[in-house]
Amino acid sequence: MNIHKKDIIIIGCGCIGLSAGVILLKTGDYNVKIWAKDLPPNTTSNKAAALWYPFLSEPLDKVGRWSQETMDYFKKEIIPLGVEKTGTLTKKVYELYRTPRAQLPEWSPFVPSFRRMKKEEMLDGYIDGFTVEDGFVMDTDQYMDWLVESFKALGGSIDQREVVDIREPFIYADIVINCSGLGARELIGDRLVYPSRGQIIVVDNTRDISLMDEEDEYQLGYVIPRVHNSVLGGTNQQHNYNLEPSKKDTEEILDRVAKISPQFERKNLKILGEKVGLRPSRYSIRLENEFMQDGRKLLVHNYGHGGSGFTVSWGCALDTLKLVRKGADKLKTSNKSDVPWYSLLNKRRSSSSCSFVND
Ligand SMILES: Cc1cc2nc3c(=O)[nH]c(=O)nc-3n(C[C@H](O)[C@H](O)[C@H](O)COP(=O)(O)OP(=O)(O)OC[C@H]3O[C@@H](n4cnc5c(N)ncnc54)[C@H](O)[C@@H]3O)c2cc1C
Ligand SMILES: CC(C)C(=O)C(=O)O
């Protein structure tokens, strides 16, 4: 631990917490530790499809900027490392509609390659659609493992531990980043974040472009070809906490993707498995500073990314760094006399749990 660097604890080891950790460590200004109840592959992030496409997340103007910054980051820092390392491929993305869509997505002005689909690109049964030429897809488990490796290679460390009281990490660090996803519901009592249950089917590889039929944002039909396999989806069941795959959902997903193209009919597919994840949905992504303990501690919130965590991850990580810098300058210095009462707790843990202890 470098005593000249500020100590930061990130709560959460999903794509949001890991991306924020990498960006903070790359500055060379911080000692960063992640505390997380679940580690990859047991996070929601590992259950994602995943492809670059803003979905089920607000506010759309900020989601547009974060998505474009994330796309730029992928192009500059991740794609050049090669698919074997990061599990990430650039992939054209098509969003198909059976009814006309006069309105372009609000995030589209931020994405240079976004355009309406041409007639000749349309699939049978569809009359409108959008495309992004330079989207990307990733084998989520491989990408998450690469994120963990990158975080540790930059000097970050990861403790598997549940945070029951948000004040606990402040015993060891003045700055805490809350990347707890759906866990924010309990951790900080934010009842505005809720689960949107997503189920996917993993099949043998299909074709070279991602196709999504989002005519109905609850009964999704999508095919996302990845490196080693493809993902069919999906569902969007709000306030549903069931983490077990449902046979009914599998049957309905297969019916929906078969309608995209006959090549995705069940007889042409080899099912490898099913996954279920609970998207951390919220009316708006929460990315802001909160000062604690009379301004001596800084809590940076970065959670509630719904169906777009990967799509906005690096844009939100870059904004997290800006918030840390802005907030750190405003922190009042804690002096020994006002050491909070609970810092007497966990004395037994100070030897084992965290190298940031300010003796
Ligand atoms: C089926 C499905 C498909 C998806 N497809 C896509 C896609 O194609 N593109 C896309 O961009 N997004 C997609 N998403 C959405 C994406 O998966 C999420 O937005 C993203 O994973 C959220 O990341 P996160 O790091 O906030 O949450 P998580 O991955 O849930 O990580 C939260 C972390 O916080 C920890 N934590 C929580 N509470 C506590 C606590 N009290 N103490 C300690 N640790 C705690 C957890 O253990 C975990 O480590 C999909 C989601 C699903 C379910
Ligand atoms: C649109 C799909 C790929 C998605 O982001 C999700 O299911 O959350």
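Quick caveat: nothing in here was measured; it's all calculated off a predicted structure.

What counts, and at which threshold
Residues numbered from 1 in each chain as written. Chains lettered and ligands numbered in written order. Predicted model: local features only at pLDDT ≥ 70, side-chain atom pairs only at ≥ 80, totals over all residues. Heavy atoms only, no water. Helix = DSSP H or I, 4+ residues; strand = E, 2+ residues; numbered from the N terminus. Rg over C-alpha atoms; globule rule 2.2 N^0.38 Å. Buried < 20%, exposed > 50% of the residue type's maximum accessible area, 1.4 Å probe, protein only. Contact = heavy atoms within 4.5 Å. Areas by Shrake-Rupley, 256 points an atom, 1.4 Å probe, with all protein chains shown as cover. Lys, Arg positive; Asp, Glu negative; His and termini not counted. Charge placed at Lys NZ, Arg CZ, Asp CG, Glu CD. Salt bridge = Lys/Arg side-chain N within 4 Å of Asp/Glu carboxyl O. Phe/Tyr/Trp six-rings, centres within 6.5 Å; stacked < 30°, edge-to-face > 60°. Lys NZ or Arg CZ within 6 Å of the ring centre and 35° of its normal. Axes fitted to C-alpha atoms, helices over the stretch in contact; angles between N-to-C directions. Parallel < 35°, antiparallel > 145°, perpendicular 65-115°, else oblique. Left-handed = near helix turned anticlockwise from the far one by under 90°. Nonpolar A, V, L, I, M, F, W, Y, C, P; charged D, E, K, R; others polar. Near = heavy atom within 4 Å. Polar contact = N/O pair within 3.5 Å; in protein donor to acceptor, adjacent residues only side chain to side chain. Expected span 1.5 Å × (residues − 1). Pairing = 2+ DSSP bridges.

1. Points about the overall build of the chain
Part 1 of the reasoning: Helix and strand counts for the chain stand at eight helices and 15 strands.
Part 2 of the reasoning: What you see for the chain is a C-alpha radius of gyration of 21 Å, in line with the 21 Å of a compact globule of 359 residues.
Part 3 of the reasoning: By principal-axis analysis of the C-alpha atoms, the chain measures approximately 70 × 40 × 35 Å.
Part 4 of the reasoning: Split into buried and exposed, the 359 residues of the chain put 57% on the buried side.
Part 5 of the reasoning: Intrachain contacts of the chain at a sequence separation of at least 6 include 77% that bridge at least 24 residues.
Part 6 of the reasoning: Working note: accessible area of the chain is about 15,900 Å², and carbon and sulfur atoms make up 51% of it.
Part 7 of the reasoning: Of the charged side chains in the chain, 49 are positive and 49 negative, and the gap between their average positions amounts to 3 Å.

2. Considerations on the environment of E244
Part 1 of the reasoning: Within the element layout of this structure, E244 appears in the loop between strand 12 (237-238) and helix 6 (247-260).
Part 2 of the reasoning: For E244 and E168, which are 76 residues apart along the polypeptide, the C-alpha to C-alpha distance reads 32 Å.
Part 3 of the reasoning: Excluding anything up to four places from it in sequence, E244 contacts R197, Q199 and V276.

3. Some details on the pattern of salt bridges
Part 1 of the reasoning: Counted by the stated rule, this structure contains 29 salt bridges.
Part 2 of the reasoning: Measuring nitrogen to oxygen at the nearest pair gives 2.8 Å for the salt bridge that ties R282 to D190. On the criterion of sequence distance, the pair formed by R282 in the loop between strand 13 (271-281) and strand 14 (286-292) and D190 in the loop between helix 5 (184-187) and strand 8 (194-203) is long-range, its members being 92 residues apart.
Part 3 of the reasoning: Classification of R282 by relative accessible area gives buried; the value is 12%.
Part 4 of the reasoning: When its relative accessible area of 8% is taken as the criterion, D190 is described as buried.
Part 5 of the reasoning: One salt-bridge network, held together by shared partners, links K33, D159, R161 and E168.

4. Describing the packing of aromatic side chains
Part 1 of the reasoning: Overall, the coordinates contain twelve aromatic pairs when judged by the stated rule.
Part 2 of the reasoning: Relative to Y172, the ring of W35 has its centre 5.7 Å away and its plane inclined at 65°; by these criteria the two rings are edge-to-face. Linking W35 in strand 2 (residues 30-36) with Y172 in the loop between strand 6 (157-160) and strand 7 (175-178), this pair joins segments that are 137 residues apart in sequence.
Part 3 of the reasoning: Judged by relative accessible area, which is 2%, Y172 ranks as buried.
Part 4 of the reasoning: Between the aromatic rings of F114 and F130, the centroid separation amounts to 5.3 Å while the plane-to-plane angle is 40°, which identifies the pairing as tilted. One end of the pair, F114, is in strand 4 (residues 114-116); the other, F130, is in strand 5 (residues 128-138), with 16 residues separating them in the sequence.
Part 5 of the reasoning: Three or more aromatic residues joined by ring pairs form one cluster here, namely W52, Y53, Y97, W107, F114 and F130.
Part 6 of the reasoning: The ring of W35 carries the charged tip of R161 above its face, separated from the ring centre by 3.4 Å.

5. Details of the packing of helix 1 (residues 15-26) against helix 7 (residues 309-330)
Pairs of packed helices are described in terms of their axes, by the angle between the two and the distance that separates them.
Part 1 of the reasoning: At a minimum axis separation of 8 Å, helix 1 and helix 7 run at an interaxial angle of 45°. Classified by the angle between their axes, helix 1 and helix 7 sit oblique to one another. Crossing of helix 1 over helix 7 shows right-handed handedness. Taken together, the residues of helix 7 that come into contact with helix 1 (itself represented by C15, I16, S19, A20, V22, I23 and L24) are G309, F310, S313, W314, A317, L318, T320, L321 and V324.
Part 2 of the reasoning: Tallied by class, the residues present in the contact of helix 1 with helix 7 amount to twelve nonpolar, four polar and no charged.

6. Remarks on the side chain of T250
Part 1 of the reasoning: Tracing the sequence through the fold places T250 in helix 6.
Part 2 of the reasoning: Apart from residues lying up to four places away in sequence, T250 is in contact with Q199, I201 and E274.

7. Brief notes about the site of ligand 2
Part 1 of the reasoning: Near ligand 2 you find L51, F55, M212, E214, Y222, I224, R279 and G307, and these make up its full shell.
Part 2 of the reasoning: With respect to ligand 2, the side chain of R279 contributes an N or O atom lying 2.7 Å from an oxygen atom.
Part 3 of the reasoning: Take G307: an N or O atom from its main chain is 3.1 Å from an oxygen atom of ligand 2.
Part 4 of the reasoning: Calculation on ligand 2 without its partners gives an accessible area of 270 Å², and the protein chains cover 91% of this total.

8. Considering helix 6
Part 1 of the reasoning: Across its 14 residues, helix 6 extends 21 Å between first and last C-alpha, which sits within 8% of the 20 Å expected from 1.5 Å per residue.
Part 2 of the reasoning: Where helix 6 begins, one side-chain oxygen reaches toward the backbone nitrogen of K248, 3.3 Å away; that side chain belongs to S246.

9. Side note on unusual backbone geometry
Part 1 of the reasoning: Cis geometry is found at the peptide bond from P40 to P41, where omega equals 10°.
Part 2 of the reasoning: Mapped onto the elements, P41 comes out in the loop between strand 2 and helix 2 (60-78).
Part 3 of the reasoning: Residue G234 is reached from G233 by a cis peptide bond, and omega for that bond is -10°.
Part 4 of the reasoning: The backbone phi angle of L56 is positive, close to 50°, even though this residue is not glycine.
Part 5 of the reasoning: Within the secondary structure, L56 sits in the loop between strand 2 and helix 2.

10. A short note on the pairing of strand 10 (residues 219-225)
Part 1 of the reasoning: Among the seven residues that make up strand 10, six are buried, leaving the element largely enclosed by the rest of the structure.
Part 2 of the reasoning: Relative to strand 10, strand 9 (residues 210-213) runs antiparallel, the two being bridged by three bridges. Bridged to L211 within strand 10 is V223.
Part 3 of the reasoning: In textbook terms, the turn of a hairpin is the stretch between consecutive antiparallel strands, and for strand 9 and strand 10 this stretch comprises five residues.

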